[in-house]
Amino acid sequence: MPARVCRLGPEDVAVMRAVNALFAKVFDDHDHYAAKPPSDAYLTRLLGKPECVVLAAVVGSEVVGALVGYELQKLEQERSEFYIYDLAVDERFRRQGVATALINEIRAVAAERGGWVVYVQADYGDEPAVALYTKLGVREDVMHFDIKVGSE
């Protein structure tokens, strides 16, 4: 049975919790995705924002893949960039087109909202992700820095 991709809205808090559980499992990162779950009100508010794109790939009633992206509105021109922040597919459903279907859906959302590019970063050593993104886009080698919040 092929996965059905749907965009989550404010009424989909329960599905969002399943998405976070999938991320915790696939990324092996319980601390960030499951240890301190956000309130229903927080998720409802965030899922209601058009610039927050949460997509779930569902088989039956099970979330088997998910993508979280954000629209970043630009100031130099009237256009947006879409950043794929998280993308995961349950191991049992990999290499079946689920990740590509999720990426194609955010591409459609970006086109509908006037976006000009969708971008994603991959970690060195994550060869399956690098292969997927290479198939779909143009590689740029960049550096990523985490800067602490607040001032020193």
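This text gives an overview of the structure that appears in the document. This is a predicted model, so every value here is computed, not measured.

Calculation criteria
Along each chain, the written sequence defines residue order, and numbers are assigned to residues from 1. Reporting in this predicted model follows two pLDDT cut-offs: at least 70 for local features of residues, and 80 or more for side-chain atom pairs to be given and counted; totals over whole chains, interfaces and linings ignore these cut-offs and use all residues. No hydrogens and no water enter the side-chain calculation; it runs on all heavy atoms of the structure. Helical segments are the DSSP runs of H or I of at least four residues, strand segments are the runs of E of at least two, and each set is numbered from the N terminus. We compute the radius of gyration over the C-alpha atoms and compare it with the globule rule, which gives 2.2 Å times the number of residues raised to the power 0.38. Here's how the labels work: a residue is buried when its accessible area is under 20% of the maximum for its type, exposed when over 50%, partly exposed in between, all with a 1.4 Å probe on protein chains only. The contact criterion used is simple: two residues touch if any of their non-hydrogen atoms lie within 4.5 Å. By definition here, a salt bridge exists when the distance from a side-chain nitrogen of Lys or Arg to a carboxyl oxygen of Asp or Glu is within 4 Å.

Concerning the overall build of the protein chain
Looking only at helices and strands, the protein chain features 5 helices and 5 strands. Along the protein chain, helices and strands appear, N-terminal first, in the series β-α-α-α-β-β-β-α-β-α. Taking 2.2 N^0.38 as the reference for a compact globule, 152 residues should give roughly 15 Å; the C-alpha atoms of the protein chain span a radius of gyration of 16 Å, in line with that estimate. Principal-axis analysis of the C-alpha atoms gives the protein chain an extent of 45 × 35 × 35 Å. Expressed as a percentage of its 152 residues, the buried residues of the protein chain come to 34%. When contacts within the protein chain are restricted to residue pairs at least 6 apart in sequence, long-range pairs at least 24 apart make up 61% of them.

A look at the pattern of salt bridges
Going through the model one piece at a time under the given rule, you end up with 6 salt bridges. Note that E71 and R113 form a salt bridge whose closest N and O atoms lie 2.6 Å from each other. Of this pair, E71 sits in strand β3 (residues 62–73) while R113 sits in the loop between α4 (98–112) and β5 (115–120), and the two are 42 residues apart along the sequence. A relative accessible area of 7% places E71 in the buried class. Look at R113 and you get partly exposed, because its relative accessible area is 30%. Across the pair K74 and E81 runs a salt bridge whose closest N-O atoms are separated by 3.7 Å. The class for K74 is partly exposed, based on a relative accessible area of 27%.

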